[in-house]
Amino acid sequence: MSGTFPASSTNLTTLAQLQDAGLLAQDLDPTLTQVAQRYAIGLTPHMANLIDRSNAADPIGAQFIPSPKELHTLEVEILDPIDDAGFSPLPGLVHRYSDRVLLKVVSVCPVYCRFCFRREMVGPGGPNLTRADLAAAIAYIAAHPEIFEVILTGGDPFMLSPRRVGELTQALAAIEHVKIVRWHTRVPIVDPDRVTPAFIETLKAPEIATWVAIHANHAQEFSKEAQSCVRSLADAGIALVSQSVLLKGINDNLEALQDLMRMFFGLGIKPYYLHHPDLAPGTSHFRLPIKKGQALMRALRKTMSGLAQPTYVLDIPGGAFKAPLETPHVREASTGLQLLDGKGVWHDYKG
Ligand SMILES: *Cc1c(COP(=O)(O)O)cnc(C)c1O
Ligand code: SF4
């Protein structure tokens, strides 16, 4: 690891900045210019400092440094893989499941993941909600008493200022039927300095439970600062869950997954979802066979605490459902039901 940037420097958002940082070769692959035109680039100095430049397959670098492979788009890859648009009653809202809505307040992220499932929507030029849009979205939530939970996403909603986060929290907490406000973010890991004590205070309100879902894909992402940021959120009484993507060449082996889940678990973050990568354009180099993911999940289940297990899921293309992908541990045989143990042996169940 090489600490090359002071924490105060600005994000790396161009090919030239990545070259200057030693993260891309000086003789640039010309096709990268096309990649950069199509998909946003972003890397925080904090994350850049954690990349091992001597390792071409560094698990952090591979998540954020653009690759010519992104120009390879398969026919099955679609712009809005889970059809957010089809379930959107108003700008910024996605209401697919009746008791919860997604509220997308910003399109920017602190980093731009090369495998992002919303990669055609996120970026600095993307649509940010206007004040009027946001007021309309809040009015929609207030008018729908079945909505128990509001999930702030984007982009990354922790990119908002503490003032705007506070306004949002207060507006949602004032709606009688909203009991849970959940924020999906990468900021505590990739830019922990943003999460100040004042910022944490703005997430809380007595009428709601605040949950934060933290996105990370490799244990190496957790700097000392990131770990202490997570502890501050937990100390403030905020419930923490994890969200990761199973990525070929980055975390698709038992050791990397164990280290990642133990890192979450050890910091008081309950492992929640391990997503199979969606069919986002130009991301086939990150996808592995579902069968391989299932085998990894069986191995995790054998070797780690139940509390450290994520649920392996895939959003069905078109957005029909977030389908759990684990292989069943119960089956119907001619003698009745059978249950599968960790060694792969089926046992008759006589109950
Ligand atoms: C995944 C998703 C949610 C959240 O689902 P949980 O299973 O509650 O985490 C909500 N809305 C949409 C549209 C989603 O895709
Ligand atoms: S932080 Fe999330 S929304 Fe932003 S680029 Fe990464 S995966 Fe996409």
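Residues numbered from 1 in each chain as written. Chains lettered and ligands numbered in written order. Predicted model: local features only at pLDDT ≥ 70, side-chain atom pairs only at ≥ 80, totals over all residues. Heavy atoms only, no water.

S.K.: I'd love a proper account of the UniProt feature "domain: Radical SAM core" (unreviewed entry) in the chain, names of residues and values included.
M.R.: When the UniProt feature table is mapped onto this chain numbering, "domain: Radical SAM core" (unreviewed entry) sits at residues 95–307. Taken end to end, residues 95–307 is 34% helix and 18% strand, and its first and last C-alpha atoms sit 29 Å apart. (UniProt positions renumbered as here; feature names shortened; annotations may be inferred. Helix = DSSP H or I, 4+ residues; strand = E, 2+ residues; numbered from the N terminus.)

S.K.: Please give an account of unusual backbone geometry that cites residues and values.
M.R.: A cis amide bond, omega 10°, links G154 with the succeeding residue G155. Relative to the helices and strands, G155 is located in the loop between β3 (149–153) and α6 (162–173). Residues other than glycine seldom take positive phi values, yet D83 does so here, at roughly 50°. Relative to the helices and strands, D83 is located in the loop between α4 (61–64) and β1 (93–97). On the basis of relative accessible area, D83 is assigned to the partly exposed category, the value being 27%. (Buried < 20%, exposed > 50% of the residue type's maximum accessible area, 1.4 Å probe, protein only.)

S.K.: Before we move on, can you summarise the sheet that holds strand β12 (residues 346–348) with the specific residues and values?
M.R.: Within a beta sheet, neighbouring strands are joined by backbone hydrogen bonds and run either parallel or antiparallel to one another. Sheet architecture is open: 3 strands sit in the order β10-β11-β12, paired in antiparallel fashion. Here the strands that pair on one side only, and so sit at the sheet edges, are β10 (330–333) and β12. Neighbour to neighbour, the strand axes of the sheet diverge by 35° on average, direction disregarded. Across 3 bridges, strand β11 (residues 336–340) lies against β12 in antiparallel orientation. Across the sheet, the residue bridging to Q338 is D348, located in β12. (Pairing = 2+ DSSP bridges. Axes fitted to C-alpha atoms, helices over the stretch in contact; angles between N-to-C directions.)

S.K.: Account for the sheet that holds strand β8 (residues 311–315), naming residues and giving values.
M.R.: Strand order in the open sheet made by the 9 strands is β1-β2-β3-β4-β5-β6-β7-β8-β9, with mixed pairing throughout. Only two strands of the sheet have a single partner each, and these edge strands are β1 and β9 (322–324). With direction set aside, neighbouring strand axes in the sheet form an average angle of 25°. The pairing of strand β2 (residues 100–104) with β3 spans 5 bridges and is parallel.

S.K.: Please provide a residue-by-residue account of the site of ligand 1, values included.
M.R.: Residues in close proximity to ligand 1 include V94, R96, Y97, R100, L102, I151, R182, Y272, Y273 and K322, which together make up its full environment. Interatomic distance of 2.9 Å between a side-chain N/O atom of R182 and an oxygen atom of ligand 1. In the environment of ligand 1, an oxygen atom lies 3.2 Å from a nitrogen or oxygen atom belonging to the side chain of K322. Considering ligand 1 on its own, with 390 Å² of exposed area, one finds that the protein chains cover 90% of that surface. Judged by the proximity of its atoms to the pocket grid, ligand 1 belongs to the largest pocket. With 3 residues, β1 is the single largest residue contributor to the shell around ligand 1. (Near = heavy atom within 4 Å. Polar contact = N/O pair within 3.5 Å; in protein donor to acceptor, adjacent residues only side chain to side chain. Areas by Shrake-Rupley, 256 points an atom, 1.4 Å probe, with all protein chains shown as cover. 1 Å grid on protein atoms, 1.4 Å probe; cavity = no way out; pocket = protein on both sides within 12 Å on 5 of 7 lines; lining within 4 Å. Sits in = over half its atoms within 2 Å of the grid points.)

S.K.: So what's going on with the side chain of R119? Which residues, and what values?
M.R.: Following the sequence through the fold, R119 ends up in the loop between β2 and α5 (131–142). Judged by its relative accessible area of 4%, R119 falls in the buried class. Among the polar contacts listed, one links the side chain of R119 to the backbone oxygen of R114, at a separation of 3.1 Å. Ignoring sequence-local partners within four residues, the contact set of R119 consists of Y39, E70, R114, A280, P281, G282 and T283. (Contact = heavy atoms within 4.5 Å.)

S.K.: Tell me about the pattern of salt bridges, residues and numbers included.
M.R.: If you walk through the whole model with that rule in mind, you get 16 salt bridges. In this structure, R287 and E77 form a salt bridge, with 2.8 Å as the shortest nitrogen-oxygen distance. Highlighted residues: R287 in the loop between β7 (270–275) and α11 (290–303) and E77 in the loop between α4 and β1, separated in sequence by 210 residues. Summarising the burial analysis for this pair, R287 and E77 share the class buried. Across the salt bridge formed by E326 and R301, the nearest N and O atoms sit 2.9 Å from each other. With a gap of 25 residues between them, E326 in the loop between β9 and β10 and R301 in helix α11 connect regions that are remote in the sequence. E326 gets classed as partly exposed once you look at its relative accessible area, which sits at 26%. Look at R301 and you get partly exposed, because its relative accessible area is 39%. Residues joined in a network through salt bridges with shared partners are D84, R96, K104 and R118. (Salt bridge = Lys/Arg side-chain N within 4 Å of Asp/Glu carboxyl O.)

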